[in-house]
Amino acid sequence: MKRRMLVLLLIMAMIFTAMTLGGCSEETGTDEIFESHYIESKIASPKECNNIIDFKLTEVGSLMAIGTTGDDYHPDLCLWESTDEGGSWELLEVLSDRINIKKEDFELVEFSGQFNPDGTIFMYYGCMKKREQVAWSFEGRSPYDERGYYSIDKDGIITELDTNIPQSSDPSIEVYSFFCTHYTDNYKYFEDGVSQLFYIDEVNNKSVPFGKPTQLNIYAFEGDTAYYVGDKDCDIMNPNEKDDVDKLKQLTGAYNKNEEDDGYNGLDVYENDNERQYYLVNKNGLWRTSDEGLKKLVDGGHSHIGGDLSGRKVIVKDENTIYLDLNGELYKYTYSEEPLIVETTLSAYIPFGGEKAEIVSKLINEYQMTNPKIQIDLEVGTNDENALAADVIKKFNTKMLAGEGPDIVFFDGMDPKKYADEGLLADISEELRIDEDEYIGGESAGLRDNGSVYAFPSSCSFFAISSNEKDVKQQENLNSFADSLEKNDIAGDWFPYTVGILYREYFDGICMEDGNVTEEELRDFYESIGRVADTFEHGYISSGVSEMSPTSMNFFTDLGSEAGGRISLDYITNFTSLQQMYIDREKGIYNIDFFGIDGRRLYVPGTVIGVNKESKNLQEAKDFISYVFSEEGQVTISKLGMIPVSLDAFPTGMATVEGDIIVSSGSYYETRTFYSDEVSETVEMMRSMSIPVGSDAELMELVMVGAEKYLDNRNDLDKAVSDTMEKIKIYLAE
Amino acid sequence: MKTSVINGNKQIIKAHWLFLIPSIAGAGIFLMIPYLDVFRRAFTSTSGEQFVGLDNFRDVLGNAAFRLAFANTFKFTVICIPLLLAVSLAIALFIYERPSLSRWMKPGLLMPMAVPVASVVLLWRLIFDRSGFLNGALSVFGFGPADWMNTEAAFWVLVISYIWKNLGYNVILWIAGLSTIPKDMTEAARVDGASELKIIRYITLPNLLPSIFVISILALLNSFKVFREAYLISGNYPHDSIYMIQHLFNNWFRDLSLGKMAAGAVIVSLILIVLIVLLERLWNREGMK
């Protein structure tokens with residue numbers, strides 16, 4: 001009996017120990033290391049081509065491309081062929097010469113074209129006359145004053161296509177516009193103005209909706225059967241063959257499981273002697289579905305596939321050679337017996353999801369493209385917009401203190417100083433070449449201590465004022481801005497973000513410069529935002545502004561002709577936004593300046609990076625830091641839509657903004673390259689930026705909750721100030 | 001014969017230890033070892049590598065936020081525990097003698113314990129919000145709306161919540177204590193003409209002394225759990241009257257101030273240990289009498 005009891009107790013003790021140790025053991029996360037047998041290589045485009053629109057592989061194995069040449073306002077549409085995989089391209093024809101239009105009669109002419117699977121070429125053009133007014137509402141109209149759709153058959157005979165499409169078989173859907181996707185004698189698929197794809201049922205003369213109205217594009221034909229892939233669920237659809245749809249859905253079930261997709265996907269059908277294979281491409285990689293099931297051929301994170309793209313097209317030559325058109329850049333993927341194996345996996349962490357996390361993810365992708373043996377897994381603390389910042393930070397702290405912290409940390413919304421003070425971060429001064437390179441903010445930039453640097457911003461943003469010269473000069477603080485706004489009484493929309501901008505610029509930047517907040521400063525801030533808010537007749541503001549969108553935001557008001565036009569406070573986060581301001585100035589509309597005080601200007605350090613001192617791959621993690629702050633990395637940051645911090649990278653970074661015509665909702669606007677004097681001016685202004693605007697999310701939340709109560713009339717000014725001040729005092733005392 | 005008795009006793013003792021091992025191991029692994037680590041960290045930097053002597057204790061004792069949090073927690077405990085003990089004892093005495101009443105009152109009193117904290121917080125918001133039930137009711141009498149959780153009233157809201165939540169549990173504990181008092185004693189006193197108040201003063205309370213000790217300790221420990229409600233309704237920085245020691249620890253952890261947090265925890269635990277030992281001695285002394 002006693003022995004039995006003893007055995008029972010021992011078993012219980014063993015179970016307890018096993019559970020305890022099991023609970024304590026680390027979840028090692030044995031991610032399968034992906035081995036790619038396909039080697040990526042780039043195929044050169046025709047030299048004179050501005051923009052490749054489509055390409056195809058001919059039956060004889062040559063490549064053909066359709067693209068534009070000439071100036072952006074009046075381009076030509078051309079057809080090229082290459083028999084040596086991009087070594088040289090022969091211009092076969094200027095396709096746009098086939099259409100009889102007087103380009104000079106229009107301000108803007110646009111061409112597009114595509115290769116149809118039946119061997120025909122589809123071509124269209126749209127022309128716009130000069131617009132006096134920008135129309136922001138589309139309302140079913142075509143943005144073009146004149147347009148036409150054509151098909152060029154195999155014999156080179158051009159036919160104007162009938163665009164009088166029949167109405168939908170579904171009476172609730174009005175087909176009112178026409179954007180052709182595939183429209184020839186054989187293929188009659190088109191898209192209306194709201195991205196609903198249709199095909200024409202010629203027997204009943206009806207337009208039939210094809211799939212769901214989101215992100216639709218036909219990517220592959222097999223005979224007369226069209227497939228698309230690219231809606232949110234990444235289904236492949238063939239409306240005529242239900243069994244096929246089910247089978248493909250089954251096959252591709254794992255294709256997008258738990259993987260976020262950007263919808264710009266490609267598909268090709270390939271048949272060998274034994275089976276039919278489908279090749280799919282999305283941001284996560286290149287995939288093949290066959291009778292054997294689904295297989296990933298190339299990882300998006302280690303190739304150009306995972307880049308920031310708005311289009312991916314796949315063409316399969318055979319099982320060993322696959323071509324991809326990624327935003328007009330051609331890539332070839334060739335099978336190799338030797339697999340490409342990831343040798344080191346690094347972990348990176350960013351606390352909050354959103355646009356910034358996406359940009360960081362793309363930056364990592366760019367690094368992996370040139371370092372295919374390194375893999376960096378980015379962990380996002382939370383994607384929940386309502387999550388409390390403190391909870392996310394506490395979770396991260398637990399990991400760090402348990403010795404399970406990431407190798408690389410992006411400190412957005414977290415204060416790196418605390419981690420550096422506690423000796424948790426590695427010195428990255430060598431990787432930054434801090435003594436040699438020039439960074440925005442000068443000595444104020446980054447977290448430094450005795451010559452060591454523990455964290456450093458990789459991007460920045462700043463505030464800019466645009467208005468008439470007099471008003472621009474007057475802007476020194478929030479009060480003067482409120483003064484300018486009060487000169488008019490025109491109501492506008494109050495953006496919830498706006499208070500966030502004002503907070504950053506005024507409170508973080510000016511009040512907190514000495515690391516302290518006084519009651520007078522807080523009162524002054526609340527009073528000023530109250531005045532600004534009244535100008536906009538605000539109704540509601542949200543306190544959920546701890547994370548600002550990295551996109552450019554501005555608010556402006558019309559000061560009336562007497563006051564000299566508009567005044568705008570912009571939060572500039574990328575070179576395109578900055579350039580729009582320079583273009584406005586060039587046109588003589590506004591004067592601009594960067595916001596500052598007493599001759600010093602404010603900047604917002606962004607995407608602050610640090611390396612975990614306890615990293616098991618310390619050198620590899622530091623190598624990534626070296627990349628981020630190298631000219632190449634900083635220019636990549638510009639391309640990804642942020643402003644770099646290395647002044648050395650500014651000229652190249654600013655040059656990434658290319659001249660383009662953006663057609664948008666009934667009108668168009670231009671982007672152009674920066675002028676050299678604008679680059680110099682920008683660099684000079686950047687040099688004067690010496691007040692870093694902090695990113696203390698907790699303090700911001702305290703101040704903003706008080707501001708919200710005051711602006712929503714739940715508290716008067718005195719109560720709002722005293723309540724908030726009490727909390728701030730405790731916060732600062734902690 | 002004697003030898004076999006001794007051997008038998010030794011084996012019983014061994015078996016006792018075997019039964020005790022799981023709980024000792026559990027307490028050791030989950031309580032004592034972490035506590036020892038906290039104690040060690042109180043003398044080191046956050047990374048736990050650098051010995052900093054008494055610096056953390058100096059920082060904590062000189063910290064205005066710690067002093068405020070400690071004072072609030074102390075005030076809360078000093079007000080709440082006697083109040084809870086008195087009210088729950090009164091109810092226990094009232095219903096103990098009325099079995100028909102206690103049959104339905106007991107479940108009712110225990111109900112607050114079964115309500116999840118999230119629901120309690122929701123209820124609080126409905127009641128104490130600026131546009132909540134309480135302000136709605138007061139407006140009938142001409143009072144203007146008040147932001148209860150952002151005034152001194154927040155403290156009393158927290159006190160009422162604590163008592164409401166723990167009242168039933170304490171009543172049950174008191175009833176359990178009352179049931180150990182022999183009925184002969186009270187009946188004899190009644191026969192001798194003692195009033196109800198005298199019976200309570202001279203018979204019930206002295207016999208409840210062992211229960212008082214346990215109930216006080218439990219009430220003291222439960223008083224620390226009220227942080228959950230305060231945190232969920234007001235976040236990291238509530239009105240300064242309900243800024244408790246747990247708020248501070250929570251914020252220190254967020255700020256990675258582990259050294260200070262460990263020092264603070266050691267100070268608070270020492271005070272609690274001293275308090276419990278004093279209570280125990282008091283109880284033992286009263287028991288000796």
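The structure presented is a predicted model; accordingly, all values stated were derived computationally and were not measured.

A. Layout of the overall build of chain B. Of regular secondary structure, chain B possesses 13 helices and zero strands. Ordered by position in the sequence, the α and β elements of chain B form the string α-α-α-α-α-α-α-α-α-α-α-α-α. Buried positions account for 41% of the 289 residues belonging to chain B. Looking at chain B alone, contacts between residues at least 24 apart form 69% of all its contacts between residues at least 6 apart. Accessible surface, chain B: about 16,000 Å² in total, of which carbon and sulfur atoms supply 71%.

B. Region of the structure containing the overall build of chain A. A count of helical and extended segments in chain A gives 18 helices and 36 strands. Buried positions account for 52% of the 734 residues belonging to chain A. Contacts in chain A between residues far apart in sequence, at least 24 positions, make up 62% of those at least 6 positions apart. On chain A, roughly 33,500 Å² of surface is accessible, and the fraction owed to carbon and sulfur atoms is 45%.

C. Highlighting the environment of B:Phe51. Structurally, the position occupied by B:Phe51 is in the loop between helix H1 (2-41) and helix H2 (55-61). Dropping the residues within four chain positions of it, B:Phe51 is found in contact with B:Phe43 and B:Thr44.

D. Region of interest: the environment of A:Glu338. Residues and elements named next belong to chain A. Mapped onto the fold, glutamate 338 is located in strand E22 (residues 329-341). Under the relative-accessibility criterion, glutamate 338 is labelled exposed at 63%. When the C-alpha atoms of glutamate 338 and histidine 37 are compared, they prove to be 6.4 Å apart, with 301 residues separating the residues in sequence. Excluding its chain neighbours within four sequence positions, the residues that come into contact with glutamate 338 are Ser36 and His37.

E. Main features of the pairing of strand E7 (residues 121-128) of chain A. Residues and elements named next belong to chain A. Taking burial as the measure, the eight residues of E7 include seven buried ones, the bulk of the element. Judged from the eight bridges that link them, strand E6 (residues 108-115) and E7 form a sheet pairing that is antiparallel. Along E7, the bridge assignment pairs phenylalanine 111 with tyrosine 125. Where E6 hands over to E7, the hairpin turn is made up of five residues, of which glycine 119 adopts a positive phi near 95 degrees. Relative to strand E8 (residues 146-152), E7 runs antiparallel, the two being bridged by seven bridges.

F. Layout of the environment of A:Leu79. Residues and elements named next belong to chain A. Structurally, leucine 79 can be placed in strand E4 (residues 76-82). By relative accessible area, leucine 79 is classed as buried at 7%. As for leucine 79 and tryptophan 89, which are separated by ten residues in sequence, their C-alpha atoms are 9.8 Å apart. If we ignore the near neighbours within four places in the chain, the residues touching leucine 79 are Met64, Ala65, Ile66, Glu90, Leu91, Leu92, Glu93, Leu95, Phe115 and Ile121.

G. Structural view of the side chain of B:Ser269. Residues and elements named next belong to chain B. With respect to the secondary-structure elements, serine 269 resides in helix H13 (residues 258-288). By relative accessible area, serine 269 is classed as buried at 14%. A distance of 2.9 Å separates a polar side-chain atom of serine 269 from the backbone oxygen of valine 266.

H. Structural view of the sheet that holds strand E18 (residues 285-290) of chain A. Residue and element names in this part refer to chain A. Spatial strand order, E16-E17-E18-E19: four strands in an open sheet with antiparallel pairing. What marks the edges here is a single partner per strand, and that holds for strand E16 (266-271) and strand E19 (293-299). Ignoring strand direction, the axes of neighbouring strands in this sheet form an average angle of 20 degrees. Pairing analysis gives six bridges linking E16 to strand E17 (residues 276-282), with the strands arranged antiparallel. Each bridged residue has a counterpart across the sheet, and for valine 269 the counterpart in E17 is tyrosine 278.

I. How the structure looks around the interface of chain A and chain B. Each partner contributes to the interface: chain A provides 32 residues, whereas chain B provides 36 residues. Here chain A is connected to chain B by three salt bridges. In this structure, B:Arg254 engages A:Glu734 in a salt bridge whose closest nitrogen and oxygen atoms are separated by 3.7 Å. At the junction of chain A with chain B, the criterion picks out 15 residue pairs in polar contact (both at pLDDT 80 or more). If you list the elements that add at least two residues to the side of chain A that touches chain B, you get helix H1 (2-24), helix H4 (389-401), helix H5 (416-421), helix H17 (697-711) and helix H18 (717-733) of chain A. Tallied by class, residues from the side of chain A that touches chain B come to 14 nonpolar, four polar and 14 charged.

J. Examining the packing of helix H3 (residues 64-96) of chain B against helix H10 (residues 209-223) of chain B more closely. Residues and elements named next belong to chain B. Running from N to C, H3 and H10 cross one another at 135 degrees; their axes reach a closest spacing of 10 Å. Taken together, the axis directions place H3 and H10 in an arrangement best described as oblique. Considering how the two elements wind past one another, H3 and H10 form a crossing that is right-handed. Of H10, the residues touching H3 (which contributes Phe76, Thr77, Ile81, Leu84 and Leu85) are Ile215, Ser216, Ala219, Leu220 and Ser223. Taken together, the residues that form the contact of H3 with H10 break down as seven nonpolar, three polar and no charged.

K. Inspection of the nonpolar core at higher detail. Counting residues in hydrophobic clusters, the biggest one holds 82 residues, and the most contacted among them are A:Tyr526, B:Phe76 and B:Tyr162. When residues no more than four places from it in sequence are discounted, the contact partners of A:Tyr526 are A:Leu702, A:Val703, A:Gly706, A:Ala707, A:Tyr710, A:Leu717, A:Ala720, A:Val721 and A:Thr724. Counting 54 residues, the second-largest nonpolar core is a separate cluster that includes A:Ile440, A:Ile572, A:Leu647 and A:Val657.

L. Structural detail: the pattern of salt bridges. Residue and element names in this part refer to chain A. Evaluation of the coordinates by the stated rule reveals 23 salt bridges over all chains. Here arginine 98 and glutamate 93 are joined by a salt bridge, their closest N and O atoms 2.4 Å apart. Residue class for glutamate 93 comes out partly exposed when judged on its relative accessible area of 24%. For arginine 687, the salt bridge identified is with glutamate 438, shortest N-O distance 2.6 Å.

M. Region of interest: the confidence of the model for chain B. Overall, the prediction assigns chain B a mean pLDDT of 85, with 95% of residues at 70 or greater. Scoring of the predicted complex yields 0.69 for pTM and 0.80 for ipTM.

N. Structural context of the packing of aromatic side chains. Residue and element names in this part refer to chain A. With the rule as written, the count across this model stands at 33 aromatic pairs over all chains. Seen from their ring centres, phenylalanine 122 and tyrosine 149 are 6.3 Å apart, and the 20 degrees between their planes marks the pair as stacked. Here phenylalanine 122 is found in strand E7, whereas its partner tyrosine 149 is found in strand E8, with 27 residues between them in sequence. Centroid distance phenylalanine 575 to phenylalanine 650: 5.4 Å. Interplanar angle 80 degrees. Geometry classified as edge-to-face. Remark: phenylalanine 650 occurs in helix H15 (residues 650-654) and phenylalanine 575 occurs in helix H12 (residues 575-586); sequence separation between them is 75 residues.

O. Broad picture of the sheet that holds strand E2 (residues 51-57) of chain A. All names here are of chain A. Ordered in space as E2-E3-E4-E5, the four strands form an open sheet in which the pairing is antiparallel. In the strand order of this sheet, the two ends are held by E2 and strand E5 (90-94), each with one partner. Within this sheet the neighbouring strands show an average axis-to-axis angle of 25 degrees, counted without direction. Alignment of E2 against strand E3 (residues 63-69), held across six bridges, turns out to be antiparallel. The partner of lysine 56 across the bridge, within E3, is methionine 64.

P. Broad picture of the confidence of the model for chain A. Summary statistics for chain A give a mean pLDDT of 75 and a share of 67% for residues scoring 70 or more. Here residues 250-258 of chain A is modelled with pLDDT under 50, and outside its nearest four sequence neighbours on either side it reaches 19 contacts, counting other chains as well.

Q. Representation of helix H12 (residues 245-254) of chain B within the structure. Residues and elements named next belong to chain B. Of all ten residues that make up H12, ten are buried, and the element is covered over most of its length. Among the residues making up H12, those that are buried are Ile245, Gln246, His247, Leu248, Phe249, Asn250, Asn251, Trp252, Phe253 and Arg254. Following H12 by one or two positions, leucine 256 has its phi on the positive side, about 65 degrees.

R. Representation of the pairing of strand E24 (residues 374-382) of chain A. Residues and elements named next belong to chain A. The pairing of strand E23 (residues 344-352) with E24 spans eight bridges and is classified as parallel. Within the sheet, the bridge partner assigned to alanine 348 lies in E24 and is leucine 378. In this region the chain leaves E23, passes through helix H3 (residues 355-370) and returns to the parallel neighbour E24; the handedness of that crossover is right-handed.

S. Focus on a nonpolar patch on the surface. Together, B:Ile29, B:Phe30, B:Leu31, B:Met32 and B:Ile33 make up an exposed nonpolar region whose accessible area comes to about 510 Å². Within the element layout of this structure, B:Ile29 appears in helix H1.

T. Looking closely at unusual backbone geometry. At A:Thr607, a residue that is not glycine, the phi angle is positive and equals roughly 45 degrees. Within the secondary structure layout, A:Thr607 lies in strand E32 (residues 600-611). With phi around 65 degrees, B:Leu256 is a residue other than glycine that occupies positive phi space. Mapped onto the secondary structure, B:Leu256 falls in the loop between H12 and H13.

Rules used in this analysis
- Residues numbered from 1 in each chain as written.
- Chains lettered and ligands numbered in written order.
- Predicted model: local features only at pLDDT ≥ 70, side-chain atom pairs only at ≥ 80, totals over all residues.
- Heavy atoms only, no water.
- Helix = DSSP H or I, 4+ residues; strand = E, 2+ residues; numbered from the N terminus.
- Buried < 20%, exposed > 50% of the residue type's maximum accessible area, 1.4 Å probe, protein only.
- Contact = heavy atoms within 4.5 Å.
- Areas by Shrake-Rupley, 256 points an atom, 1.4 Å probe, with all protein chains shown as cover.
- Pairing = 2+ DSSP bridges.
- Polar contact = N/O pair within 3.5 Å; in protein donor to acceptor, adjacent residues only side chain to side chain.
- Axes fitted to C-alpha atoms, helices over the stretch in contact; angles between N-to-C directions.
- Salt bridge = Lys/Arg side-chain N within 4 Å of Asp/Glu carboxyl O.
- Nonpolar A, V, L, I, M, F, W, Y, C, P; charged D, E, K, R; others polar.
- Parallel < 35°, antiparallel > 145°, perpendicular 65-115°, else oblique.
- Left-handed = near helix turned anticlockwise from the far one by under 90°.
- Core = buried A, V, L, I, M, F, W, Y, C linked by side-chain atoms within 4.5 Å.
- pLDDT = per-residue confidence, 0-100.
- Phe/Tyr/Trp six-rings, centres within 6.5 Å; stacked < 30°, edge-to-face > 60°.
- Right-handed = clockwise from strand over helix to strand, strands pointing away.
- Patch = residues over 30% accessible without salt bridge, like charges linked within 9 Å, V, L, I, M, F, W, Y side chains within 5 Å.

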